[in-house]
Amino acid sequence: MRRNRQSPKVARWLHRRLTADGGIASELLDLEELALPIMEERLRLRDDPPPGAVRLSRAVAAGDGLLIVTPEYNNGYPGVLKNALDYLLPELKRKPVGIATVSAGGFGGISCLAQLRLVLLAMGAAPIPASLPVSRVGQSFDDDGPTDEGIEGRASAFLAELRWWTEATVRQRGPA
Ligand SMILES: Cc1cc2nc3c(=O)[nH]c(=O)nc-3n(C[C@H](O)[C@H](O)[C@H](O)COP(=O)(O)O)c2cc1C
């Protein structure tokens, strides 16, 4: 939710890739729009749920998979993302999660990737082995997508893996 944040460029492009190239129905959720208050209690225990948390919960529950795009802040992921996750729990059970990390520096946010995976595992989700670290986002992305050709290929491989794990999970779960 940082002022002049760069990560939405990556999120919007991946969302377009999922829809246009992958033929996958997906919804793009922006934590800034959800405007979640500081978590006072988990959603399922609230009788006065914040509307943004209800929307988040329904969207995550409805998805067969989840793709999180997060910037790296101080080698971690932003507090607003932890705040959002802490509202949830059953919505994430056995949910395949792909993570794209975004940084201004040259390491693509791989330190926050490890931390976010641990949190998701604790919640019963299934962070997939593949990831998409995006380095130097100020130069490597504009509003239309990546300006760095290497990202295209890495993103395709990452999305294919997320699709594989998601389809495998859907098959294992069986008919709804
Ligand atoms: C509080 C804060 C801490 C940051 N820490 C890191 C960091 O540890 N490593 C890094 O590569 N970039 C770091 N950055 C830079 C972000 O990666 C940069 O802002 C980038 O554009 C992605 O985040 P954004 O969506 O906020 O723009 C930090 C930025 C902020 C605001």
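### Description of helix α5 (residues 110-122)
Here α5 spans 19 Å end to end across 13 residues, near enough to the 18 Å set by a 1.5 Å rise per residue. Considered for burial, the residues of α5 that qualify are Cys-112, Leu-113, Leu-116, Val-119 and Leu-120. Projected down its long axis, α5 shows its buried positions confined to an angular sector of 130°, all on one face. The outward face of α5, more than 90 degrees from its buried face, is lined by the exposed residues Leu-118, Leu-121 and Ala-122. Of the surrounding secondary structure, the elements contacted by the buried residues of α5 are β1 (66-71), α4 (79-87), β2 (96-102) and β3 (126-134). Looking at the residues trailing α5, positive phi occurs at Gly-124, about 85°.

### A short note on the site of the ligand
The ligand sits among 14 residues. The nearest are Arg-2, Gln-6, Ser-7, Tyr-73 and Asn-74. Take Tyr-73: an N or O atom from its side chain is 2.4 Å from an oxygen atom of the ligand. Interatomic distance of 3.0 Å between a backbone N/O atom of Ala-104 and an oxygen atom of the ligand. Burial of the ligand by the protein amounts to 73% of the accessible area it has alone, namely 600 Å². Looking at side-chain class alone, the shell around the ligand contains five nonpolar, six polar and three charged residues.

### What to know about the pattern of salt bridges
One pass over the full model with this rule turns up nine salt bridges. Several salt bridges converge on common partners, so that one network encompasses Arg-5, Asp-30 and Glu-32.

### Points about the sheet that holds β1
The three strands are arranged β1-β2-β3 in an open sheet whose pairing can be described as parallel. The open sheet terminates on both sides in strands that have one partner only, identified here as β1 and β3. Adjacent strand axes in the sheet meet at a mean angle of 20° when their direction is disregarded. Relative to β2, β1 runs parallel, the two being bridged by six bridges. The partner of Leu-67 across the bridge, within β2, is Gly-98. Each of β1, β2 and β3 touches helix α1 (residues 7-21); the most contacted strand, β1, lies at about 160° to it. Sitting on the sheet, helix α7 (residues 149-173) is in contact with β1, β2 and β3, with an inclination near 170° to β3.

Conventions used here
- Residues numbered from 1 in each chain as written.
- Predicted model: local features only at pLDDT ≥ 70, side-chain atom pairs only at ≥ 80, totals over all residues.
- Heavy atoms only, no water.
- Helix = DSSP H or I, 4+ residues; strand = E, 2+ residues; numbered from the N terminus.
- Expected span 1.5 Å × (residues − 1).
- Buried < 20%, exposed > 50% of the residue type's maximum accessible area, 1.4 Å probe, protein only.
- Arc of directions from axis to C-beta.
- Contact = heavy atoms within 4.5 Å.
- Near = heavy atom within 4 Å.
- Polar contact = N/O pair within 3.5 Å; in protein donor to acceptor, adjacent residues only side chain to side chain.
- Areas by Shrake-Rupley, 256 points an atom, 1.4 Å probe, with all protein chains shown as cover.
- Nonpolar A, V, L, I, M, F, W, Y, C, P; charged D, E, K, R; others polar.
- Salt bridge = Lys/Arg side-chain N within 4 Å of Asp/Glu carboxyl O.
- Pairing = 2+ DSSP bridges.
- Axes fitted to C-alpha atoms, helices over the stretch in contact; angles between N-to-C directions.

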